[in-house]
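# Examining the three-dimensional arrangement
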Amino acid sequence: MNIAEWSMRNHVTTWVLTAVMLVVGAKSFNSLSRLEDPEFTIKEAQVITQYPGASAQEVEEEVTNVIEKAVQQLGQLDYVESRSSRGISIVKTVIKSNYDKTTLPQVWDELRRKVNDAQAHLPPGTLPSVVNDDFGDVYGIYLAITGEGFNYDEVYEYAKFLQRELLPVQDVKKITLYGNLPEAVFVEMQRERMAEFGVSPTEITNALRLKNIPTTAGYLTLGDDHIAVNPTGEFRKVEEFGDLLIKANTDQENHLVLLKDVAKISRGYQDPPSAILKYNGTPAIGIGISTVSGGNVVTMGQAIENKMRALAPLTPIGLDINVISLQSKAVTLAIDGFKQNLLASIAIVVLVLLLSMGLRSGIIIGAILAVTILGTFIFMKMGSMTLERISLGALVIALGMLVDNAIVITDGMRMRMQQGIDALTAAKDIVGQTAIPLLGATVVAVAGFAAIGTSDDSTGEYCRSLFIVILISLMLSWLTAVTVTPLMCKHLLKQGKPTDGEQKDPYGGKFFIFYRNILRSAIEHRWITIATVVSLFA
């Protein structure tokens, strides 16, 4: 008993399994995570080391070379690039492409250990090196907050409020603020006044460095209680900077000068800014929201929109939240486009087969195509795969191949049933003859994409879902072709009347005779055929 015979004899079980596949497949499709692009790991890290006051050459010789030698001890290293500027060293570390998101965290831990071991060989005055490997976040949602009549601080405070409120939203991984201009107090030294009072820049710098530094002043013991003593005198207003006493180098002992007498003090924003953002020419604070690994950017986008509507009454009048990028809408459009392509493909298949094989055959193969696609979603859900442009593209590519197996079985059974052979016998004969060849052809089709799926470099990581989806869908198309298709043929195709005399050959038409002659000639002259194929490949 082959698989088709078992399917037809246990038709109730087959129908139930088919119905379950349709229902569960539809639910799996709706619950699959959605992203615009596949998750992709950036295999680069930066080692940033500050060496205040050092020239670019000193940074290179005393810091960059030391860090480079430490990094080069990594066995996973591909290459290193470095940039030495005045006061700062940046060493870019690039890891070999065969490391993915499961192995990279261990590589970064080893990199940090190598860099930490090198700290003892850095010159005095060098700040601890910082390893930055967080390059993999993609902001699915990017907003710009603008406010007419509001300064940067006020807009930034509201941005921090939004950051705090949106972080607990479903599927949100991280929220980053961009474009803020930090406030700064500028002390512009007046050389003439400093010379007049005998004040050096070093004295001003040392005096400022000692202010507003938290320090312990001990405790007072009152019975069983220990009360901390908090020293006062810290600056709380810009004007208080001017009252800072500076030691003057004069003949008078302990001669002190007020800072405002030798310097101009003002309050403003960091200049030049490290980053600036403008929306339609208006200064803005950016909010970038990334999705957790394996999360659903569409679900996150809807949850963010719901939360923003709930926070609308708390938004000050005049502050506007503008959308720069909303990936959830792009993903929704892509999913809707795939639905349209799927329906159009089924319609085209049914129409073409209607013209070539008849209405009943077209309905059978169209239904099998729908069952195969929905069944693919079940396995994608089980494998925690996401719907993105590569996996959707794989399904679109596979649509043309998913009907091949079903066409062979349907056409074979149709021909035999027209000759009066019963459906069970026709299914046993056709599936028995073609099941293994169809399986081999399906495996060959899948193998055509194996180079992508088995590649251990960045291309394989990005495009692996292409191979996996085609593997699942094509193998499932073979399974449905040898199980569900014969059962549908039994119920939808008409059985002809058996004839006692000579039966008409269904393949006796002019086209079939012409094709048979070509095929026979190619087989008889097989070496010429093989040489022709090889030359065409060459």
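What counts, and at which threshold
Residues numbered from 1 in each chain as written. Predicted model: local features only at pLDDT ≥ 70, side-chain atom pairs only at ≥ 80, totals over all residues. Heavy atoms only, no water. Pairing = 2+ DSSP bridges. Helix = DSSP H or I, 4+ residues; strand = E, 2+ residues; numbered from the N terminus. Axes fitted to C-alpha atoms, helices over the stretch in contact; angles between N-to-C directions. Contact = heavy atoms within 4.5 Å. Salt bridge = Lys/Arg side-chain N within 4 Å of Asp/Glu carboxyl O. Buried < 20%, exposed > 50% of the residue type's maximum accessible area, 1.4 Å probe, protein only. 1 Å grid on protein atoms, 1.4 Å probe; cavity = no way out; pocket = protein on both sides within 12 Å on 5 of 7 lines; lining within 4 Å. Points joined across faces, edges and corners; volume = space filled by probe spheres on them. Nonpolar A, V, L, I, M, F, W, Y, C, P; charged D, E, K, R; others polar. Patch = residues over 30% accessible without salt bridge, like charges linked within 9 Å, V, L, I, M, F, W, Y side chains within 5 Å. Areas by Shrake-Rupley, 256 points an atom, 1.4 Å probe, with all protein chains shown as cover. Phe/Tyr/Trp six-rings, centres within 6.5 Å; stacked < 30°, edge-to-face > 60°. Lys NZ or Arg CZ within 6 Å of the ring centre and 35° of its normal. Lys, Arg positive; Asp, Glu negative; His and termini not counted. Charge placed at Lys NZ, Arg CZ, Asp CG, Glu CD.

Let us now look at the sheet that holds strand β2 (residues 44-50). If you walk across this open sheet you meet the 4 strands as β3-β4-β2-β5, and the pairing is antiparallel. This sheet does not close on itself; its edge strands, each paired only once, are β3 (77-85) and β5 (130-132). Neighbour-to-neighbour, the strand axes of the sheet open up by a mean angle of 20°, direction not taken into account. Note: β2 against β5, 3 bridges, orientation antiparallel. Bridge pairing links Q46 to N132 in β5. Those strands touched by helix α3 (residues 56-71) are β2, β3 and β4 (88-95), and its axis lies near 165° from that of β3.

Below, the discussion takes up the pattern of salt bridges. Inspection of the entire model under this criterion finds 9 salt bridges. Residues K160 and E157 are paired through a salt bridge, measuring 3.1 Å at the closest nitrogen-oxygen approach. Within this pair, K160 and its partner E157 are both found in helix α5 (residues 152-166), separated by 3 residues, close to a single helical turn. For K160, a relative accessible area of 31% translates into the label partly exposed. For E157, a relative accessible area of 47% gives the class partly exposed.

Within this model, the second largest pocket holds a volume of roughly 450 Å³. Per element, the largest residue contribution to the lining of the second largest pocket is 5 residues, and it comes from helix α16 (residues 458-492). Partitioned by chemical class, the residues of the lining of the second largest pocket number 5 nonpolar, 6 polar and 6 charged.

Moving on: a nonpolar patch on the surface. Taken together, the side chains of V12, V16, V20, L22, V23 and V24 present a nonpolar region at the surface, about 450 Å² in accessible area. The topology assignment puts V24 in helix α2 (residues 11-31). Judged by relative accessible area, which is 34%, V24 ranks as partly exposed.

Looking now at the packing of aromatic side chains. In the structure shown here, the tally under the stated rule is 5 aromatic pairs. Between Y152 and Y269 the ring centres are 5.6 Å apart and the planes differ by 65°, which places this aromatic pair in the edge-to-face class. With Y152 in helix α5 and Y269 in strand β13 (residues 263-269), this residue pair connects regions lying 117 residues apart in the sequence. Aromatic pair F511 and F512: ring centres 5.8 Å apart, planes at 70°, arrangement edge-to-face. F512 sits in the partly exposed class, given a relative accessible area of 33%. The ring centre of F29 lies 5.1 Å from the NZ or CZ of R34, which sits over that ring.

Where like charges cluster on the molecular surface, the negative patch consists of E58, E60, E61 and E62. Tracing the backbone through its elements, the reader meets E58 in helix α3. Under the relative-accessibility criterion, E58 is labelled partly exposed at 36%.

Before going further, it helps to spend a moment on the sheet that holds strand β16 (residues 285-291). On the basis of which strands lie adjacent, the open sheet formed by 4 strands has the order β7-β16-β6-β17 and antiparallel pairing. Each end of this open sheet is capped by a strand with a single partner; those strands are β7 (172-178) and β17 (319-326). Within this sheet the neighbouring strands show an average axis-to-axis angle of 20°, counted without direction. In terms of strand pairing, β7 meets β16 through 6 bridges, oriented antiparallel. Bridge pairing in β16 places Y178 opposite G286.

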